[in-house]
Amino acid sequence: MASTHPRSRSGSPAQPPEKKKPRLEADGNVPPAEVEIQDAPAVYQAPPSTSKKQPKNKKNKKNARRAPEPYSHDDILSREVIALLGKHYADAAKADNLDWDAPFEQSQQLELTVSCLSPSTGESLSVATAGDRKWVIVTPLSLPGERIRVRVYRHSRLYSHADLLEVIQPNPEWRDMSLVQCKYFGKCAGCQYQMLSYDKQLDLKRQTVLEAYKNYSNIPPELVPSIQPTIGSPLQYGYRTKLTPHFQRPPFSFQKAQKRGDAPPVEGKPDWLKIGFHEVGTRNVMDIEECPIATPVINKALGPVRDNIIKNITKFKNGATLLLRDSLRPGSSGDAEDASQPSTSIAAEDGEHICVTDQKATVRERVGDMLFEYTAGTFFQNNNSALVPLTSYVRDAIFPPSSAPSSAEGDKPTHLVDAYCGSGLFSIMLAPHFTRVAGIELSAESIRSATHNATLNSLPPSQISFMAGDAANIFDTVQDFPRAHTVLIIDPPRKGTDERFVEQMLAFGAKTVVYVSCNVHTQARDVGMILRKSAETAEQNGRSKYVLESLRGLDLFPQTAHVEAIAVLRLL
């Protein structure tokens, strides 16, 4: 049964959410590698645009063709496109100066069969042909094997982005629209996978980890362990503890009228004001009045927060990003502390939970038996329900069950080094299992939170300490830690770590390394670098070398293409 996509740039009738090769282990009746590549019919040629074309600026054109940042979404997508077309074909197109010469016009409609999904974005990749030319079309919200109708809207090197206009022939093994719980799905860019069963989402995320290591680690396949099944989130909806909706500035015409003093009075919400998130494939903001993946108290606060912006919109000269963060009410967790939250920062209340909107307000969360407080504007994981599974898995990876009871008791880790420690999540959750814990973080504000959180959970400074500074210099402060009994946890930002850090890490030689990452592609790069440099050092000095013991994904953001990856390395 054909279905029509809810949003397109064309205005066509429609109805109804901060880096490879096609998937090798995809499920379903139509394996991506076997999908037939279809020609692109010319019958869907869109009418010419009535807007005047602006003269092309050579400088802007040159900038537009600048190579994407390594391991960014655009970089990974570009590599996936080349893998799908074949490197020989891509090289030939470049040699003939055809790699930027799209064979399709802006707004042209095409009918295609989806080849595979891009693990970097969750969008589909289809190969269209025009004469002897092949070109990849990137489309949201479509699945392998589906026959789709699309409208091209932007060109890039060897591929074009397109709006999904219609799913002509769905993949019944994958697509189930009855699972969708958001009225904005298909229009809002926030979610990609609501039409998939949760088991299928977890399987796709395992595939993302597999392909990242296959294509970006440069590790021989025999040295990469079997990727374990993705750890699911206990909550698949109502889990997100932080939302950042935004709105754009009032139109210039309105602002000019304000300056002249003849601006029309604003009653209610003006048509030009949109408060929410980006539309699929655009930088345009669309109105969002509720978000099913957000926690109940955030959804309860979203209405009053929107109303406040509407009421005061004439006072804004620019757009802004809002903050809504789920927090436990002070005193609700049975702790002795009774720090009051300024009432102006509380947008809603729901039982023990409140929603704070002030960047400088204090947020508190309970993870297992531990309580955490941090400044609302700083980083903390946005899915509280998944934090116990995450930290429990890391703990179990550090202390695996012994095959010989009591025989290896003397080899158990006693010291923990937590690089990029943030507000102390891993340090504090794992502290009961270690004699000494040292955490380091670039943000002095996060270090203050981590130190406070240690006190909040009755962990003495003699057992746990935090230092602000560059993670690349952390090992200077823990030289007294016994290497054979020390665990290193690395949890860097999306860009990953760097060669300087890796070299110091190898010189330090912690027995166990756990690398947690929100970007599996930079993690694969870094783990590959660790293994190669470790092997080189071992060969030169006869020392032990790191091996990749296990690799697994964890789902912090259900309904999206994002996956957290956890790699465990041992010095053997």
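Predicted model, so just to flag it, every value in this text is computed and none were measured.

A.B. asks: What exactly am I supposed to notice about the overall build of the chain here?
C.D. replies: If you tally the helices and strands in the chain, you get 11 helices and 25 strands. When burial is assessed residue by residue, the chain has 52% of its 572 residues classed as buried. In the structure as shown, the chain presents an accessible area of about 26500 Å², 50% of it carried by carbon and sulfur atoms.

A.B. asks: Teacher, can you tell me more about the environment of Arg151 here?
C.D. replies: Within the element layout of this structure, Arg151 appears in strand S6 (residues 147-155). Sequence-wise, Arg151 and Glu105 are 46 residues apart; in three dimensions their C-alpha atoms are separated by 9.6 Å. Reaching out from Arg151, the side chain makes a polar contact with the backbone oxygen of Ser107 at a distance of 3.0 Å.

A.B. asks: Where do I start with the side chain of Arg325 in this structure?
C.D. replies: With respect to the secondary-structure elements, Arg325 resides in strand S14 (residues 324-328). For the buried Arg325, no salt bridge exists, and the shortest N-O distance to an oppositely charged side chain is 5.2 Å, to Glu365. Within the structure, Arg325 has its side chain in polar contact with the backbone oxygen of Ala376 (distance 2.7 Å). In terms of polar contacts, Arg325 uses its side chain to reach the backbone carbonyl oxygen of Thr378, at 2.9 Å.

A.B. asks: In this structure, what is going on with helix H4 (residues 198-216)? I would like to understand it.
C.D. replies: For an α-helix, 3.6 residues make a turn, and residues three or four places apart therefore share a direction. Along its 19 residues, H4 runs 27 Å from first to last C-alpha, staying within 8% of the 27 Å computed at 1.5 Å per residue. Of all 19 residues making up H4, 15 are buried, and the element is well covered by its neighbours.

A.B. asks: Honestly, the sheet that holds strand S13 (residues 320-321) in this entry has me stumped. Any pointers?
C.D. replies: As a general point, the strands of a sheet are linked pairwise by backbone hydrogen bonds and lie either parallel or antiparallel. Spatial ordering of the open sheet is given by S12-S11-S10-S13, a layout of four strands whose pairing is antiparallel. Edge strands, defined here as strands with exactly one partner in the open sheet, are strand S12 (285-287) and S13. As paired elements, strand S10 (residues 246-247) and S13 share two bridges and run antiparallel to each other. Its bridge partner being in S13, Phe247 is matched across the sheet by Ala320.

A.B. asks: What am I meant to see in the packing of aromatic side chains here?
C.D. replies: Each pair of aromatic rings is reported with the distance of its centres and the angle of its planes. Within the structure shown, the criterion is met by 10 aromatic pairs. Taken together, a centroid distance of 5.0 Å and an interplanar angle of 85 degrees make the contact between Phe247 and Phe316 edge-to-face. Here Phe247, found in strand S10, pairs with Phe316, found in the loop between helix H6 (296-312) and S13; they are 69 residues apart in sequence, far enough to count as distant. Of the residues examined, Phe316 reaches a relative accessible area of 25% and is grouped as partly exposed. Ring geometry for Phe254 versus Trp272: centroids 5.4 Å apart, planes at 45 degrees, classification tilted.

A.B. asks: Where do I start with the nonpolar core in this structure?
C.D. replies: The nonpolar side chains of a soluble globular protein tend to be buried, and buried together. Counting residues in each nonpolar core, the largest one holds 96 residues, and the members touching the most others are Ile137 and Val394. Counting residues per element, this core draws most heavily on H6, at seven residues. Residues contacting Ile137, with those up to four places away along its chain left out, are Phe104, Leu110, Leu112, Ser124, Leu125, Ser126, Ala128, Val150, Val152, Ser160 and Ala162. By size, the runner-up hydrophobic cluster in this structure holds 42 residues, among which are Tyr213, Tyr216, Ile227 and Ile474.

A.B. asks: Before we go on, may I ask you to explain the pattern of salt bridges in this structure?
C.D. replies: Opposite charge on two side chains allows them to pair when their charged atoms are near. Per the stated rule, a full pass over the model turns up 20 salt bridges. For the salt bridge of Arg395 with Asp396, the shortest nitrogen-to-oxygen distance reads 3.1 Å. For Arg395, a relative accessible area of 28% puts it in the partly exposed group. The exposure class assigned to Asp396 is partly exposed, which follows from its relative accessible area of 42%. For the salt bridge of Glu499 with Lys533, the shortest nitrogen-to-oxygen distance reads 2.9 Å. With Glu499 in helix H10 (residues 499-508) and Lys533 in helix H11 (residues 520-541), this residue pair connects regions lying 34 residues apart in the sequence. Several salt bridges converge on common partners, so that one network encompasses Lys269, Asp287, Glu289 and Arg306.

A.B. asks: Which parts of the structure should I look at to understand the pairing of strand S16 (residues 353-356)?
C.D. replies: On any regular strand, side chains alternate: one points to one face of the sheet, the next to the other face. With four bridges joining them, S14 and S16 adopt antiparallel strand pairing. In the sheet register, Asp326 faces S16, and the bridge partner there is Cys355. Direction of pairing for strand S15 (residues 346-350) relative to S16: antiparallel, over a ladder of four bridges. Directly across from Ala348, in S16, lies its bridge partner Cys355. Between S15 and S16, which pair antiparallel in sequence order, lie two residues; one of them, Gly351, sits at a positive phi of approximately 65 degrees.

Reading the values: the criteria
- Residues numbered from 1 in each chain as written.
- Predicted model: local features only at pLDDT ≥ 70, side-chain atom pairs only at ≥ 80, totals over all residues.
- Heavy atoms only, no water.
- Helix = DSSP H or I, 4+ residues; strand = E, 2+ residues; numbered from the N terminus.
- Buried < 20%, exposed > 50% of the residue type's maximum accessible area, 1.4 Å probe, protein only.
- Areas by Shrake-Rupley, 256 points an atom, 1.4 Å probe, with all protein chains shown as cover.
- Polar contact = N/O pair within 3.5 Å; in protein donor to acceptor, adjacent residues only side chain to side chain.
- Lys, Arg positive; Asp, Glu negative; His and termini not counted.
- Salt bridge = Lys/Arg side-chain N within 4 Å of Asp/Glu carboxyl O.
- Expected span 1.5 Å × (residues − 1).
- Pairing = 2+ DSSP bridges.
- Phe/Tyr/Trp six-rings, centres within 6.5 Å; stacked < 30°, edge-to-face > 60°.
- Core = buried A, V, L, I, M, F, W, Y, C linked by side-chain atoms within 4.5 Å.
- Contact = heavy atoms within 4.5 Å.

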